[in-house]
Structure formats: structure tokens, C-alpha cells
Amino acid sequence: MSAPGSHEFTVASTEDIHIGRVVGLRVDEVVMPGGDTARREVAEHLGAVAVAALDDTGALTLIHQYRHPLGRRIWELPAGLTDKPGEEPVVAAARELVEEAGLKAERWETLVDVAASPGFTDEVVRVFLARDLSEVDREVLGEEEADLVIRKVPLDEAVRMALHGELVNGATVAGVLATHAVLSGAAETRAPDAPWRDRPYRFAART
């Protein structure tokens, strides 16, 4: 057996179980350190972007959106799938900010990359910090986006909501806390086109 941390987890075989519009499910047989294999279910995802849109008063824009797996509406940062071929993540983020919040930003920075649940899915969300905002007409696409409620929340209040379980979306919690860290001087952002090592690719390649 190889030393801890040195084994290469190769895939001996793979089987597609379901290929849908947004996600796919496959089962891999992965070679373990002792030589045996173990089945690993993987939910493939297109990947997504989210936007911490911070205005000149220090407030973030949150949206209240129905999420069917939870069976209720939750507060989130504006976000969306990276589902347009060849579209850069920051461009996708700008598009989603217009569609969901009716906002345009002149200044973009990368905040954090969030692996949603790496035990079973390759979904990773890149969260951007957007500043120098101006209002534009929303591009409402479909009934779901027409149902959104938009609210501006002071950053300190958003932090309180995250720590009190009122924000539960992983990218939203990470984005809110990262924005607070940046504004407090505890951390710095990255360029809007910073390398994205774990950006999902497999599901997009299928389509």
C-alpha cells in the first residue's frame, strides 16, 4: 500500500445513470489504496456564478427565491448557471445580475469559489464582488424569475442572517462573509478572470 497522501485514485470504469438538463448522475468504480475498487456516485453539474452586489451605502442585494428541493423560498445572492458555451464566468455573472436584480456593475472582483458538496457533486460556484452599481431594466426570463423578491440588506445585517441560519445557500453564506472580510481589510479579492481550477466541465461537454 502506498504512503498516505500519495495514492492516485484512478477510475476503473464508469456508468451513466441519468443525464438531465442541468445535472447528470454517473457511478464510477474508483481504485482504492489497497487495490480494491469502491463505487462513487457523482452528480455532474454545469457550474454556477453568484454575485455579491455591494452598493455605495454598504448594502448587498439579496433575492427571495423558491427552491424546490428545500420546499420553500430562501434568501440568496443573485446567481445562475454557467450554461452558455464560451461565456466567461464574469460575463455570466453580469448577465445574471441584470436578469435577477436589474443592476449593472462597473467593477468586478473574484471573491471565493465554493464546492457545493464535494462528497457527491462536482458543482462549484464562483462568487464575485460587484461594485459601482447602477439600476437597469430587468430582463425577466420566465415565471420563476418573475416571482423573485429583491431586497437590499446592510452588510452587517447579512452577516447576522448568515450566522443565525437565515441564509443557508452555501455560496451566499460564503459570499457574504467574504465580502465582510474584504471590507474589514482581513483579506483581498482576486482578479475577475482569476484561474478557476475546479470549474465543472464534464456535464457541459456532454451537451
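This one's a predicted model, so the numbers in the text were calculated from it and none came from an experiment. (Residues numbered from 1 in each chain as written. Predicted model: local features only at pLDDT ≥ 70, side-chain atom pairs only at ≥ 80, totals over all residues. Heavy atoms only, no water.)

1. Thoughts on the sheet that holds strand β5 (residues 59–67)
Note the cut-off: When DSSP finds at least two bridges between two strands, those strands are taken to pair. Segments assigned H or I by DSSP are reported as helices when at least four residues long, segments assigned E as strands when at least two residues long, and all are numbered from the N terminus. Axis angles are defined between N-to-C directions and span 0 to 180 degrees, where every axis is a line fitted to C-alpha atoms and, for a helix, only to the segment in contact.
The strand order across the open sheet built from 3 strands is β6-β5-β10, with neighbouring strands paired in antiparallel fashion. This sheet does not close on itself; its edge strands, each paired only once, are β6 (72–76) and β10 (149–154). For this sheet, the mean angle separating the axes of adjacent strands, direction not counted, is 30°. When β5 meets β6, the two strands line up antiparallel, connected through 5 bridges. The residue bridging Arg67 from the neighbouring strand is Arg72, located in β6.

2. Considerations on the environment of Glu166
Test applied: Remark: exposure states derive from per-residue accessible area (1.4 Å probe, protein chains only) relative to the maximum for the residue type, with buried under 20%, exposed over 50%, and partly exposed in between. In what follows, residue pairs with any heavy atoms lying within 4.5 Å of each other are defined as contacts.
Here Glu166 lies in the loop between α3 (155–163) and α4 (170–184). Of the residues examined, Glu166 reaches a relative accessible area of 36% and is grouped as partly exposed. Once you skip the residues sitting within four places of it in the chain, Glu166 turns out to touch Arg160 and Met161.

3. So, the pattern of salt bridges
The following threshold applies: Any Lys or Arg side-chain nitrogen located within 4 Å of an Asp or Glu carboxyl oxygen qualifies as a salt bridge.
Counted under the stated rule, the structure contains 18 salt bridges. Of the charged contacts, one joins Arg95 and Asp83 as a salt bridge, the two residues approaching to 3.8 Å between their closest N and O atoms. A residue pair is termed long-range when its members are at least 10 positions apart, and Arg95 in helix α1 (residues 89–101) and Asp83 in the loop between β7 (79–81) and α1 qualify at 12 residues. Among the charged side chains, a salt-bridge network with shared partners connects Asp16, Arg26, Asp28, Glu44, Arg202 and Arg206.

4. A word on the nonpolar core
Rules: Definition of nonpolar core: a set of buried residues of the types Ala, Val, Leu, Ile, Met, Phe, Trp, Tyr and Cys, connected through side-chain atoms within 4.5 Å.
The biggest cluster of nonpolar side chains holds 24 residues, and the ones touching the most others in it are Leu60, Leu62, Leu111, Val127, Leu167 and Val176. Contributing elements (two or more residues each) for this core: β4 (48–53), β5, β8 (103–115), β9 (124–135), α3 and α4. When residues of this core are assigned to their parent elements, the largest contribution, 5 residues, is made by α3. Each residue touching Leu111, except ones within four places of it in the same chain, is listed here: Ala52, Val127, Phe128, Leu129, Gly175, Ala178, Thr179, Val182, Thr189 and Arg190. Listed in part, the 12 residues of the second largest apolar core include Val51, Ala53, Leu97 and Phe128.

5. Re the packing of aromatic side chains
Heads up, the rule is: By convention, a stacked pair of Phe, Tyr or Trp rings (six-membered ring in the case of Trp) has centres within 6.5 Å and planes under 30 degrees apart, an edge-to-face pair has planes over 60 apart, and any other such pair is tilted. Note on criteria: charge over ring means Lys NZ or Arg CZ within 6 Å of the ring centre, with the direction from the centre no more than 35 degrees off the ring normal.
Tallying each qualifying case throughout the model produces 1 aromatic pair. Judged by centre distance (6.1 Å) and plane angle (80°), the ring pair of Trp108 and Phe128 falls under edge-to-face. Here Trp108 is found in strand β8, whereas its partner Phe128 is found in strand β9, with 20 residues between them in sequence. By the burial criterion, Trp108 is buried, and Phe128 matches it. In this structure, Arg151 is placed above the aromatic ring of Trp75, and the distance from its NZ or CZ to the ring centre is 5.4 Å.

6. Remarks on unusual backbone geometry
Unlike most non-glycine residues, Asp132 shows phi in positive territory, near 55°. Assignment of secondary structure puts Asp132 in strand β9. Judged by relative accessible area, which is 48%, Asp132 ranks as partly exposed.

7. Thoughts on α4
This is how the line gets drawn: To estimate the expected span of a helix, count its residues, drop one, and scale the result by 1.5 Å.
With 15 residues, α4 ought to run about 21 Å at 1.5 Å a step, and its terminal C-alpha atoms sit 21 Å apart, in line with that. Where the residues of α4 are buried, they touch β4, β5, β6, β8, β9 and α3. The positive-phi residue at the C-terminal boundary of α4 is Gly185, with phi of around 90°.

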